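# What the coordinates show
Take a look at the letters that make up each chain.
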Amino acid sequence: EAGVTQFPSHSVIEKGQTVTLRCDPISGHDNLYWYRRVMGKEIKFLLHFVKESKQDESGMPNNRFLAERTGGTYSTLKVQPAELEDSGVYFCASSQERQLNTEAFFGQGTRLTVV
Amino acid sequence: DQQVKQNSPSLSVQEGRISILNCDYTNSMFDYFLWYKKYPAEGPTFLISISSIKDKNEDGRFTVFLNKSAKHLSLHIVPSQPGDSAVYFCAASAFGRTGGFKTIFGAGTRLFVKA
């Protein structure tokens, strides 16, 4: 069974440009999460999809970030326009059950560098 | 405000000895606690968890202890092996205001196990 996959693995863009990150969750997982880790700090929650609906987007930094999950399958996270402070590793995770004790399966992350 | 804190950025242990990784939290509403392990260039993987109604959970060489009154949990690895060298993230889950639950991660502790 394929795990959570993220594309691209690395992205270097200039300030002001647009970048779109993609996440393919494990098949059948209704829950999809986006997280970001900046410079060795905590893995910070961005948002949570249940199928195609945004359950919680309280962690999204600002309106330059747009996440979508059309059809409840893969998800994209677009940053437009990118700023220097957006640099970090963006992780996607998915889980099947909506219970507290359900582990989430993480992708390998996308390392975004804004120069 | 960081709700889950791992105050030790790194820990070095001799092979065969015990590794103790600590985690403190501030939100008494957390109901479930998890530890994730992360190797370089990979996403975090679930290691072990504990419900807030328990004070200990053991799985092979890994044991998690929870002290609710102190809002503190720890992960014990005995005996430590070189393959355990990784970054360990403490995480805590609680139901959010939107009906779903949110998992908050700490900044991680890098464990070095010396052969």
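The structure we're discussing is the one just above.
As a starting point, this report considers the structure included with it. (Residues numbered from 1 in each chain as written. Chains lettered and ligands numbered in written order. Predicted model: local features only at pLDDT ≥ 70, side-chain atom pairs only at ≥ 80, totals over all residues. Heavy atoms only, no water.)

### Side note on the overall build of chain B
Scanning chain B from N- to C-terminus turns up zero helices and eleven strands. What you see in chain B, going N to C, is helices and strands ordered as β-β-β-β-β-β-β-β-β-β-β. For 115 residues, the compact-globule estimate of 2.2 N^0.38 gives 13 Å, and the C-alpha radius of gyration of chain B, at 14 Å, lies within 12% of that figure. Considering only C-alpha atoms, chain B reaches an extent of 45 × 30 × 20 Å along its principal axes. Taking all 115 residues of chain B together, the buried fraction comes to 47%. The long-range fraction of contacts in chain B, counting pairs at least 24 apart against all pairs at least 6 apart in sequence, stands at 53%. Averaging the positions of the 13 positive and the 9 negative side-chain charges in chain B gives two centres separated by 4 Å. (Helix = DSSP H or I, 4+ residues; strand = E, 2+ residues; numbered from the N terminus. Rg over C-alpha atoms; globule rule 2.2 N^0.38 Å. Buried < 20%, exposed > 50% of the residue type's maximum accessible area, 1.4 Å probe, protein only. Contact = heavy atoms within 4.5 Å. Lys, Arg positive; Asp, Glu negative; His and termini not counted. Charge placed at Lys NZ, Arg CZ, Asp CG, Glu CD.)

### A short note on the interface of chain A and chain B
The accessible area lost on association of the parts is a frequent measure of interface size. Listed as interface residues are 23 residues of chain A and, on the opposing side, 25 residues of chain B. Where chain A abuts chain B, roughly 2,000 Å² becomes buried across the two surfaces, and 62% of that area is made up of carbon and sulfur atoms. Here chain A and chain B share zero salt bridges between them. The interface formed by chain A and chain B includes three residue pairs in polar contact (both at pLDDT 80 or more). (Buried area = accessible area lost by both parts, 1.4 Å probe. Salt bridge = Lys/Arg side-chain N within 4 Å of Asp/Glu carboxyl O. Polar contact = N/O pair within 3.5 Å; in protein donor to acceptor, adjacent residues only side chain to side chain.)

### Thoughts on the environment of Phe-89 of chain B
Along the polypeptide, Phe-89 of chain B turns up in strand E9 (residues 86–95). A C-alpha to C-alpha distance of 10 Å links Phe-89 of chain B and Ile-104 of chain B, two positions 15 residues apart in sequence.

### Points about the state of the cysteines
Residue and element names in this part refer to chain B. The final tally for this structure, using the stated rule, is two disulfides over all chains. The partner cysteine of Cys-23 in its disulfide is Cys-90, sulfur to sulfur 2.0 Å. In this structure, the disulfide formed by Cys-23 and Cys-90 twists by about -75° around the S-S bond and is classed as left-handed. Of the two residues, Cys-23 sits in strand E3 (residues 19–25) while Cys-90 sits in strand E9, which places them 67 residues apart along the sequence. (Disulfide = S-S within 2.5 Å.)

### Quick word on the pairing of strand E6 (residues 53–56) of chain A
Here strand E5 (residues 43–50) of chain A runs beside E6 of chain A; their pairing, made up of three bridges, is antiparallel. If you follow Val-50 of chain A over to E6 of chain A, its bridge partner there is Ser-53 of chain A. (Pairing = 2+ DSSP bridges.)

### So, the packing of aromatic side chains
Within this structure, the stated rule accounts for 13 aromatic pairs over all chains. Judged by centre distance (6.2 Å) and plane angle (80°), the rings of Phe-91 of chain A and Phe-106 of chain A are edge-to-face. On the criterion of sequence distance, the pair formed by Phe-91 of chain A in strand E9 (residues 88–95) and Phe-106 of chain A in strand E10 (residues 105–106) is long-range, its members being 15 residues apart. Among the residues examined, Phe-91 of chain A registers a relative accessible area of 2% and is labelled buried. On the basis of an interplanar angle of 75° and a centroid distance of 5.9 Å, the ring pair of Tyr-36 of chain B and Phe-46 of chain B is categorised as edge-to-face. One end of the pair, Tyr-36 of chain B, is in strand E4 (residues 32–38); the other, Phe-46 of chain B, is in strand E5 (residues 45–51), and ten residues separate them in sequence. (Phe/Tyr/Trp six-rings, centres within 6.5 Å; stacked < 30°, edge-to-face > 60°.)

### Overview of the pattern of salt bridges
All told, the structure shown has six salt bridges over all chains when counted by the stated rule. The residue Glu-58 of chain B makes a salt bridge to Lys-56 of chain B at a minimum N-O spacing of 4.0 Å.

### Looking at a nonpolar patch on the surface
A cluster of nonpolar residues, Ile-18, Ile-20 and Val-78 of chain B, forms a patch on the protein surface that exposes about 230 Å² of accessible area. As for its placement among the helices and strands, Ile-18 of chain B is situated in the loop between strand E2 (10–14) and E3. (Patch = residues over 30% accessible without salt bridge, like charges linked within 9 Å, V, L, I, M, F, W, Y side chains within 5 Å. Areas by Shrake-Rupley, 256 points an atom, 1.4 Å probe, with all protein chains shown as cover.)

### Structural notes on the sheet that holds strand E8 (residues 75–79) of chain A
Residue and element names in this part refer to chain A. Here we have four strands laid out as an open sheet, ordered E1-E3-E8-E7, and antiparallel in their pairing. Unpaired on one side and paired on the other, strand E1 (5–7) and strand E7 (65–68) mark the two borders of the sheet. When strand polarity is set aside, the average angle formed by the axes of neighbouring strands in this sheet is 15°. With five bridges connecting them, strand E3 (residues 19–24) and E8 associate as antiparallel partners. Each bridged residue has a counterpart across the sheet, and for Cys-23 the counterpart in E8 is Ser-75. (Axes fitted to C-alpha atoms, helices over the stretch in contact; angles between N-to-C directions.)

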